[in-house]
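An overview of the molecular structure
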There are 2 protein chains.
Amino acid sequence: MATKSRAERELMDFDMVFKALAHPSRRYILTVLLAKGDEMNAGEIVSKLSHKWPTITRHLRQLEHAGLVKVKKVSTQVVYHLNKERMQSVLENWLQFFK
Amino acid sequence: MATKSRAERELMDFDMVFKALAHPSRRYILTVLLAKGDEMNAGEIVSKLSHKWPTITRHLRQLEHAGLVKVKKVSTQVVYHLNKERMQSVLENWLQFFK
DNA sequence: TTATTATTTAGCAATTTTGCTAAATTTATG
DNA sequence: CATAAATTTAGCAAAATTGCTAAATAATAA
């Protein structure tokens, strides 16, 4: 029961990714990462938005959960970078249905 | 002040479309329309989901607002059909950024 | 005109999401 | 070890979303 079929996994992908993309701040974070050459630490991202750090931390976790950003820790800093391939593949899979 | 720039309109498109796609029932409605050869009236759509009519009416309105479905009245019936082109164009525009 | 069918609107309760402040955690540095 | 810097977690209040029932509307049929 722990294993999921390909179709089930695809449904979960759609769910996580579309939920992540539903909020303007999260979409904005993605475009900021894109503009900055796709690698920024949390503090830099926070400085680009008008919300408090904990709020943005949570948005970042949702993006991470959706697989749209990847994270690595560098001493005390947390570096985020875009996962463009994931964005492409999940949305293309969805669009495929409508072709 | 009433006119919006191309960029502003694109931002609104992203907002409406991604919000519409965020809920699994709404995505499901779109795939049901697709499977049925993309034209169904409200009652048929309702019969394919496990929610009450007013709930689904509201989901349909959100899809319409996002431009993902088009609506026409045929006497007492309301016929919905997919706007595949809109789905394609808005999502492709978004994906374009990440290429 | 009345009744019927198809659908939407109103309005409310439950749930989820968002944003905040304050406190905790983690790693490096003096 | 104590402090500082970067970030997350806890927990709460406000706002948004979802689903429901009951009532309203619109077009057609009897």
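Notes on the structure follow. A quick note: this is a predicted structure, and the numbers were derived from the prediction, not measured. Within every chain, residues take consecutive numbers counted from 1 along the sequence as written. All chains are assigned letters beginning at A, and all ligands numbers beginning at 1, according to the order in which they are written. In keeping with the model being predicted, local features are shown solely for residues with a pLDDT of at least 70 and side-chain atom pairs are shown and tallied solely at 80 or more, while totals for entire chains, interfaces and linings include all residues.

1. A closer look at the relation of the copies chain A and chain B
One copy of the chain maps onto the second through a rotation about an axis and a displacement along it. Put simply, the rule reads: A residue counts toward the fit only if its pLDDT is at least 70 in both copies, and the copies are then superposed by least squares on the C-alpha atoms of those residues.
The transformation that overlays chain A on chain B combines an axial shift of 0.0 Å with a rotation of 180°, and the residual RMSD is 0.0 Å. Each copy turns onto its partner about a two-fold axis. In terms of C-alpha distance to the rotation axis, chain A has Ala22 of chain A as its closest residue, with the C-alpha 3.0 Å off the axis.

2. Quick look at the pairing of strand E2 (residues 69-74) of chain A
What counts, and what does not: Note on pairing: DSSP must find at least two bridges between two strands before they are called paired. Numbered from the N terminus, helices here are DSSP runs of H or I no shorter than four residues, and strands are runs of E no shorter than two.
Where E2 of chain A meets strand E3 (residues 77-82) of chain A, 6 bridges bridge the pair, whose relative direction is antiparallel. Residue pairing for E3 of chain A: Val71 of chain A is matched across the bridge by Tyr80 of chain A.

3. Observations regarding the sheet that holds strand E1 (residues 39-41) of chain B
Residue and element names in this part refer to chain B. Note the following rule: To get an axis, a line is fitted to the C-alpha atoms, and for a helix only the part in contact is used. The angle between two axes follows their N-to-C directions and goes from 0 to 180 degrees.
With respect to topology, 3 strands assemble into an open sheet ordered E1-E3-E2, the strand pairing being antiparallel. Strand pairing shows two members of the sheet lacking a second neighbour, E1 and strand E2 (69-74), which therefore form its edges. Within this sheet the neighbouring strands show an average axis-to-axis angle of 25°, counted without direction.

4. Regarding the nonpolar core
The nonpolar side chains of a soluble globular protein tend to be buried with one another. The cut-off we apply is this: A set of buried residues drawn from Ala, Val, Leu, Ile, Met, Phe, Trp, Tyr and Cys, joined through C-beta atoms within 7 Å, is what defines a nonpolar core. Counting other C-beta atoms within 10 Å of its own, a residue is labelled buried from 20 upward, exposed at 12 or fewer, and partly exposed in the gap between, with every C-beta atom placed from the backbone. Whether two residues are in contact is decided by their C-beta atoms, placed from the backbone, lying within 7 Å.
Counting 40 residues, the largest nonpolar core has Val17, Leu33 and Leu68 of chain A together with Val17, Leu33 and Leu68 of chain B as the members making the most contacts within it. The contact partners of Leu33 of chain A, leaving out residues within four places of it in the chain, are Asp38, Met40, Val69, Tyr80, His81 and Leu82 of chain A.

5. Points about the protein's contact with DNA strand D
Defined as follows: Only the C-beta atom matters for nearness: placed from the backbone, it must lie within 6 Å of the molecule or strand for the residue to count as near. We call Asp, Glu, Lys and Arg charged. Ala, Val, Leu, Ile, Met, Phe, Trp, Tyr, Cys and Pro are nonpolar, and the rest, Gly among them, are polar.
As a matter of local geometry, DNA strand D sits amid 19 residues, with Asn41, Gly43 and Pro54 of chain A together with Pro54 and Ser75 of chain B nearest to it. Of all the secondary-structure elements, those providing two or more residues to the surface near DNA strand D are helix H3 (42-47), helix H4 (53-65) and E3 of chain A together with helix H4 (53-65) of chain B. A per-element tally of the surface near DNA strand D places H4 of chain A first, with 4 residues. Considering only residue class, the surface near DNA strand D consists of 6 nonpolar, 11 polar and 2 charged.

6. Remarks on the protein's contact with DNA strand C
Taken together, the neighbourhood of DNA strand C is formed by 19 residues, with Lys52 and Pro54 of chain A together with Asn41, Gly43 and Pro54 of chain B sitting nearest. Where the surface near DNA strand C is concerned, the elements lending two or more residues are H4 of chain A together with helix H3 (42-47), H4 and strand E3 (77-82) of chain B. Top contributing element to the surface near DNA strand C by residue count: H4 of chain B, with 5 residues. Looking at side-chain class alone, the surface near DNA strand C contains 6 nonpolar, 11 polar and 2 charged residues.

Taken by themselves, the reported measurements are silent on function.
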